[in-house]
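# Architecture and fold: a report
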Amino acid sequence: MNDTSAKIVQDHPIATTDIELGKRQLDKFGYTVHESLISADEVARTRSRLEEQAALELEQGVASFRMANEITLGDRELGRPAHGALPAWQAILALPNKGREFIDLAMNPVVAEYGRHILGGVPFFMAQSTGLVVRRGSGGQVLHSDQQPIPFATPSPVYFHAMVALSDFEVGMGVTEMVPGSHHWPSPRIGRNPQTGKAESLESFTSEPMVCKAGSAVIFESRTWHFQGRSSSDKTRLSILNGYCMHFMRPQDDYVASLHDDVYDNLSEAERKMFGFEVVAEYTGRVFPRSETDSRGSVNARYPYIPELRSGVDRRAIRFEDMHSDES
């Protein structure tokens, strides 16, 4: 349903293209749906690249996946399913290494505007970028919040997600479900069934399925209770889950260490900042050269290469500006 009145309905958000309404809905409910975040052409190009990558990771035996009806606290298989079967759930990890389309999506200015609102202007960078392929039989998730690993409540979120739909999200396709207003509550309790060994929620709750059109984004903060539903549909659901965290948080994916050299070399300064190559208040994000020819560094602070120095040993430090000169 499109927004025309710029009002918030009583019990859940409405899909909107109005960022200011989206912000108010985030404040009240812990999530919002922003329609038409990316164009139909961007959806097609990004989806094609994701589908190709997913298929080749399966073919080459390096896929991250679960089979039908598997539901855990996070365990997954790595490799390929037996006998050429398609997995019910597949994650394509570290997307910035796998296509320019994913870097462009990570830098979306509308998402950045939501991020500044959610995190109160605190600098943030990308914590993870993961493609998701969900098919019939996907077992879903246990109810949780993204701050589940933090052992104390926080007065504001430290993390947020933008889940970008690359296919329509319909009921029955294993769409993510949100619990409105749960960002004001402690993280949900999770137990393990002693008979089955499976994780189960210990909470009573009412959730809302995130139904939306391809190109839309579900924006939600890290304290909001949510889970992926079970898929009973013959349609495949595709999405990209981009997560962003405050600068002092340890990210899920360490892009400073894991970005491929050719990817790093072709990033703009703004893109390098988004992937963690920025020092905030001389406090977090310092990147020191790993060798005397290392090209990586914080975009706003350049540190010299300084090895272990000992008297009588011919090892010298090199200033950053000299590291790539003809004399070095």
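About the thresholds
Residues numbered from 1 in each chain as written. Predicted model: local features only at pLDDT ≥ 70, side-chain atom pairs only at ≥ 80, totals over all residues. Heavy atoms only, no water. Helix = DSSP H or I, 4+ residues; strand = E, 2+ residues; numbered from the N terminus. Buried < 20%, exposed > 50% of the residue type's maximum accessible area, 1.4 Å probe, protein only. Polar contact = N/O pair within 3.5 Å; in protein donor to acceptor, adjacent residues only side chain to side chain. Contact = heavy atoms within 4.5 Å. Core = buried A, V, L, I, M, F, W, Y, C linked by side-chain atoms within 4.5 Å. 1 Å grid on protein atoms, 1.4 Å probe; cavity = no way out; pocket = protein on both sides within 12 Å on 5 of 7 lines; lining within 4 Å. Points joined across faces, edges and corners; volume = space filled by probe spheres on them. Nonpolar A, V, L, I, M, F, W, Y, C, P; charged D, E, K, R; others polar. pLDDT = per-residue confidence, 0-100. Pairing = 2+ DSSP bridges. Axes fitted to C-alpha atoms, helices over the stretch in contact; angles between N-to-C directions. Parallel < 35°, antiparallel > 145°, perpendicular 65-115°, else oblique. Left-handed = near helix turned anticlockwise from the far one by under 90°. Expected span 1.5 Å × (residues − 1).

In this structure, N193 sits in the loop between β8 (190-192) and β9 (199-201). Here N193 falls in the buried class, since its relative accessible area comes to 18%. A polar contact of 2.7 Å, which involves the side chain of N193, links it to the backbone nitrogen of Q195. At a separation of 2.9 Å, a polar atom in the side chain of N193 contacts the side chain of E200. When residues no more than four places from it in sequence are discounted, the contact partners of N193 are K198 and E200.

The subject of this paragraph is the nonpolar core. Formed by 45 residues in total, the largest nonpolar core has its most connected members in L50, F160, I219, Y244 and F275. Elements with a minimum of two residues in this core: α2 (40-59), α3 (100-106), α4 (109-118), β5 (124-134), β6 (159-165), β11 (217-221), β13 (237-246) and α6 (261-265). Ignoring sequence-local partners within four residues, the contact set of Y244 consists of L105, A106, V111, F124, F125, M126, A127, V158, Y159, F160 and M274. Counting 19 residues, the second-largest nonpolar core is a separate cluster that includes V33, L132, M178 and C212.

What follows concerns the layout of surface pockets. Counted as a void, the second largest pocket has a volume near 270 Å³. What lines the second largest pocket is a set of 19 residues, among which F125, P251, D254, V256 and G285 lie closest to the centre. Elements with a contribution of two residues or more to the lining of the second largest pocket: β5 and α5 (255-258). Partitioning the lining of the second largest pocket into residue classes produces nine nonpolar, five polar and five charged.

So, about the confidence of the model for the chain. Chain-level statistics for the chain give a pLDDT mean of 91 and a share of 94% at 70 or above. For the stretch residues 1-9, pLDDT sits under 50, and the model shows 23 contacts to residues farther than four places along the chain or on other chains.

Here we come to the sheet that holds strand β12 (residues 226-228). Read from one edge of the open sheet, three strands run β10-β7-β12, paired in antiparallel fashion. Edge positions in the sheet fall to β10 (208-209) and β12, since each has one partner strand and no second. Note: strand β7 (residues 176-178) against β10, two bridges, orientation antiparallel. Of the residues in β10, the one forming a bridge with E177 is P209.

This part covers empty space enclosed by the protein. In this approach the atoms are scanned with a rolling probe the size of a water molecule, which exposes any empty space left behind. What the rule picks out here adds up to three cavities of 30 Å³ or more. Lining the largest cavity, in full, are P123, F124, F125, H247, K273, G276, E278, V280, T284 and G285. Of the residues in the lining of the largest cavity, the class split is four nonpolar, four polar and two charged.

Two elements in contact, helix α1 (residues 19-29) and α4, have axes whose closest approach is 10 Å; the angle formed by their N-to-C orientations is 40°. Classified by the angle between their axes, α1 and α4 sit oblique to one another. Where α1 crosses over α4, the handedness of that crossing is right-handed. Each of I19, G22, K23, L26 and D27 in α1 lies in contact with α4, whose residues at this interface are V110, E113, Y114, H117 and I118.

Here we come to the environment of E113. With respect to the helices, strands and loops of the structure, E113 is situated in helix α4. Overall, E113 belongs to the partly exposed group, its relative accessible area being 27%. When the C-alpha atoms of E113 and E20 are compared, they prove to be 9.9 Å apart, with 93 residues separating the residues in sequence. Residues in contact with E113, not counting those within four places in the same chain, are I19 and K23. Side-chain polar atoms of E113 contact the side chain of R116, separated by 3.0 Å.

Bringing the sheet that holds strand β3 (residues 77-79) into the picture now. Spatially, β1-β11-β6-β13-β5-β4-β2-β3 is the arrangement adopted by the eight strands of the open sheet, whose pairing is antiparallel. Each end of this open sheet is capped by a strand with a single partner; those strands are β1 (31-34) and β3. Averaged over all pairs of adjacent strands, the angle between their axes in this sheet comes to 25°, without regard to strand direction. Judged from the four bridges that link them, strand β4 (residues 89-92) and β5 form a sheet pairing that is antiparallel. By the bridge assignment for β5, W89 is matched with V134.

The terminal C-alpha atoms of α2 lie 28 Å apart, and with 20 residues this matches the ideal 28 Å at 1.5 Å per residue to within 8%. Contacts from the buried residues of α2 go to β2 (63-66), β3, β4, α3, β5 and β13. One or two steps after α2, the chain reaches G61, where phi turns positive at roughly 75°.

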